[in-house]
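Here is what each chain is made of, one letter per residue.
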Amino acid sequence: MKYPNRFDIVGSFLRPARLKRARADFAAGKLDQAGLTEVEDDEIKRLVAKEVELGLTDVTDGEFRRSWWHLDFLAGLTGADFFTPDHGFIFNGQETRKGGIRITGKVGYNPNHPFFKGFEFLNNLVPANVTAKQTIPSPSVLFPNEDAEIYDEYYHHDFNAFLADEIQAYQATIQHFYDLGCRYLQLDDTSWGMWASFSDKVINPDLKPLCEAAVTAINAIADNKPADLTLTMHVCRGNYDSNWAGAGSYDPVADYLAQLHIDGYFLEYDDERSGGFEPLAKLAANGRDQRVVLGLVTTKQPALEPVTTLKQRLTAASQYYPLDRLCLSPQCGFASTEEGNHLSEDDQWQKLNLVVQTAKAVWPEA
């Protein structure tokens with residue numbers, strides 16, 4: 001099986017009501033950690049069974065043990081601590097729940113990171129013909145940026161020292177996942193989408209050093225990983241309560257994305273905010289055998305996209321990137337934070353079934 005698959009998933013799923021209640025009870029002191037873990041385990045088992053029943057060849061745990069898609073992982077590294085800032089992030093005029101990271105020490109690999117136990121549990125659930133997919137935030141998400149509530153209280157603006165430590169932390173963390181059996185890992189990256197939205201056709205000159213640093217970090221990770229570990233990256237423009245944070249085409253960042261030594265890209269293309277498919281030509285010209293997963297099916301609204309429209313858009317994209325290296329997925333997860341988007345669980349599964357059936361129609365071998 002080659003990954004990304006012709007029909008694939010980004011990662012997060014809507015949290016079931018029972019899990020939401022358990023997390024609320026845990027926060028209120030009405031449920032202990034063992035009780036919460038038992039509920040998480042049960043709901044992840046149910047989720048994985050549903051994913052397998054749908055025919056997915058790679059599955060996730062829905063990020064059911066997380067509150068945030070990124071902060072839970074980052075706070076599990078040494079030298080990084082979660083805190084509650086005065087304000088949330090702004091998503092298209094909407095303020096999110098509050099959360100941030102303070103870098104209070106040397107950023108490093110934590111051999112006791114809670115995500116490791118979570119992956120072991122997931123990997124033990126999947127049948128032999130299905131792959132457990134692990135998702136973690138991209139290294140750029142931890143770049144110090146007070147607008148994103150990431151505060152550096154240790155490196156004193158020595159970004160090169162921070163970057164070197166972060167790269168080592170990610171390399172060791174990904175190796176640990178591999179040693180536990182992980183063969184498919186995805187970096188979730190909001191930076192590229194936001195940097196593109198802050199630029200007009202070409203990258204804002206002030207952002208070039210950050211783009212270059214992101215390429216350095218991701219390639220250091222990709223070049224260090226075991227050969228049989230598939231490494232992909234999801235480029236996200238924000239996904240909170242069915243709202244978004246960034247808009248604009250991929251043109252300003254396409255040259256940088258094309259430099260990445262990864263195995264595949266998950267790109268959001270669910271509405272006009274994403275721009276055209278022309279930037280895919282930059283990826284096609286980089287000489288690498290990479291798959292591009294087009295997120296044509298939105299996770300923000302319940303209405304199903306017409307199959308004819310999805311096929312037409314795949315055909316349009318194939319003018320810039322070979323159809324035999326394209327794949328299909330939802331544009332993002334269904335619940336990047338535990339609040340989730342404005343869909344029902346039934347809507348969620350109908351969306352995923354649409355992805356599976358459309359991909360099978362376009363690529364008969366899928």
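Everything numeric here is computed off the predicted structure, so don't read it as measured data.

The next thing to look at is the overall build of the protein. Along its length, the protein carries 11 helices and 13 strands. The globule rule puts the C-alpha radius of gyration for 366 residues at 21 Å, and the 19 Å found for the protein is close to it. Taken across its 366 residues, the protein has 57% of its residues classed as buried. For the protein, the proportion of contacts with a sequence separation of at least 24, taken over those separated by at least 6, is 78%. Within the structure as shown, the protein displays about 14,700 Å² of accessible surface, and the carbon and sulfur contribution to it stands at 49%. Charged side chains in the protein number 34 positive and 52 negative. The centres of these two groups are separated by 5 Å.

Turning our eyes to something else, we now look at the sheet that holds strand β2 (residues 78-83). If you trace the 3 strands from one edge of the open sheet to the other, you get β2-β5-β8, paired in mixed fashion. Each edge of the open sheet is held by one strand with a lone partner, namely β2 and β8 (150-152). On average, each strand axis in the sheet is tilted by 25° relative to the strand beside it, whichever way the strands run. Of the pairings in the sheet, the one linking β2 to strand β5 (residues 100-108) comprises 5 bridges and is antiparallel in character. In the strand pairing of β5, D81 is matched with R102.

What follows is about the packing of aromatic side chains. Under the criterion given, the structure shown has 18 aromatic pairs. Each member of the aromatic cluster is reached from another via a ring pair, and the members are F143, Y154, Y155, F159 and F162. For R65, the ring lying beneath its charged end belongs to F121, and the centroid distance is 5.0 Å. Directly above the ring of F83 sits R102, whose terminal nitrogen or CZ lies 3.9 Å from the centroid.

As a further point, take empty space enclosed by the protein. Taken as a whole, this structure holds 4 cavities of 30 Å³ or more when the rule is applied. If you add up the space inside the largest cavity, you get close to 110 Å³. Counted as a void, the second largest cavity has a volume near 70 Å³. Within the residue set of the lining of the second largest cavity, elements represented by two or more residues are α2 (33-54) and α11 (345-362). Looking at the lining of the second largest cavity, the element that brings in the most residues is α2, giving 4 residues.

Sheets are built from strands paired through backbone hydrogen bonds, the pairs being either parallel or antiparallel. Strands sit in the order β7-β9-β10-β11-β12-β13 across an open sheet of 6 strands; the sheet is parallel. The open sheet terminates on both sides in strands that have one partner only, identified here as β7 (134-137) and β13 (326-330). Averaged over all adjacent pairs, the angle separating strand axes in this sheet is 25°, with direction ignored. The pairing of strand β9 (residues 184-189) with strand β10 (residues 230-235) spans 6 bridges and is classified as parallel. Bridge pairing in β10 places D189 opposite V235.

Across the interface, α2 lies against α11 with an axial gap of 10 Å and an inter-helix angle of 35°. The two elements α2 and α11 cross, and the hand of that crossing is right-handed. Contacts between α2 and α11 involve R46, L47, K50, E51 and L54 from the first element and E345, W349, L352, N353 and V356 from the second. Residue composition of the contact of α2 with α11, by class: 5 nonpolar, 1 polar and 4 charged.

Inspection of the secondary structure assignment puts G76 in the loop between α3 (71-75) and β2. Separated by 36 residues in the primary sequence, G76 and N112 place their C-alpha atoms 8.4 Å from one another.

Here the protein shows a mean pLDDT of 92. Residues at 70 or above account for 93%. Considering only residues more than four positions removed or in separate chains, one finds that residues 241-245, a stretch of pLDDT under 50, has 24 contacts.

The next thing to look at is the pattern of salt bridges. All told, the structure shown has 18 salt bridges when counted by the stated rule. Between K133 and D8 there is a salt bridge whose closest N-O contact spans 3.7 Å. Here K133, found in the loop between β6 (131-132) and β7, pairs with D8, found in the segment before α1 (17-27); they are 125 residues apart in sequence, far enough to count as distant. When its relative accessible area of 1% is taken as the criterion, D8 is described as buried. Salt bridges sharing partners connect three or more residues here, namely R18, D42, E43, R46 and E345.

Its location among the elements puts S12 in the segment before α1. Since its relative accessible area comes to 4%, S12 is described here as buried. Among the polar contacts made by the side chain of S12, one reaches the main-chain amide nitrogen of A335 at a distance of 3.0 Å. Other than its neighbours up to four places away in sequence, S12 contacts G62, E63, G333, F334, A335 and S336.

Turning our attention to the state of the cysteines. Should the sulfur atoms of two cysteines be covalently bonded, the bond is a disulfide. Using the criterion set out here, one finds 0 disulfides in the structure. Residue C182 stays outside any disulfide, its sulfur separated by 18 Å from that of C327, the closest cysteine. With no disulfide partner, C327 has as its closest neighbouring cysteine sulfur the one in C332, 17 Å distant. Judged by relative accessible area, which is 0%, C327 ranks as buried.

Thresholds applied
- Residues numbered from 1 in each chain as written.
- Predicted model: local features only at pLDDT ≥ 70, side-chain atom pairs only at ≥ 80, totals over all residues.
- Heavy atoms only, no water.
- Helix = DSSP H or I, 4+ residues; strand = E, 2+ residues; numbered from the N terminus.
- Rg over C-alpha atoms; globule rule 2.2 N^0.38 Å.
- Buried < 20%, exposed > 50% of the residue type's maximum accessible area, 1.4 Å probe, protein only.
- Contact = heavy atoms within 4.5 Å.
- Areas by Shrake-Rupley, 256 points an atom, 1.4 Å probe, with all protein chains shown as cover.
- Lys, Arg positive; Asp, Glu negative; His and termini not counted.
- Charge placed at Lys NZ, Arg CZ, Asp CG, Glu CD.
- Pairing = 2+ DSSP bridges.
- Axes fitted to C-alpha atoms, helices over the stretch in contact; angles between N-to-C directions.
- Phe/Tyr/Trp six-rings, centres within 6.5 Å; stacked < 30°, edge-to-face > 60°.
- Lys NZ or Arg CZ within 6 Å of the ring centre and 35° of its normal.
- 1 Å grid on protein atoms, 1.4 Å probe; cavity = no way out; pocket = protein on both sides within 12 Å on 5 of 7 lines; lining within 4 Å.
- Points joined across faces, edges and corners; volume = space filled by probe spheres on them.
- Left-handed = near helix turned anticlockwise from the far one by under 90°.
- Nonpolar A, V, L, I, M, F, W, Y, C, P; charged D, E, K, R; others polar.
- pLDDT = per-residue confidence, 0-100.
- Salt bridge = Lys/Arg side-chain N within 4 Å of Asp/Glu carboxyl O.
- Polar contact = N/O pair within 3.5 Å; in protein donor to acceptor, adjacent residues only side chain to side chain.
- Disulfide = S-S within 2.5 Å.

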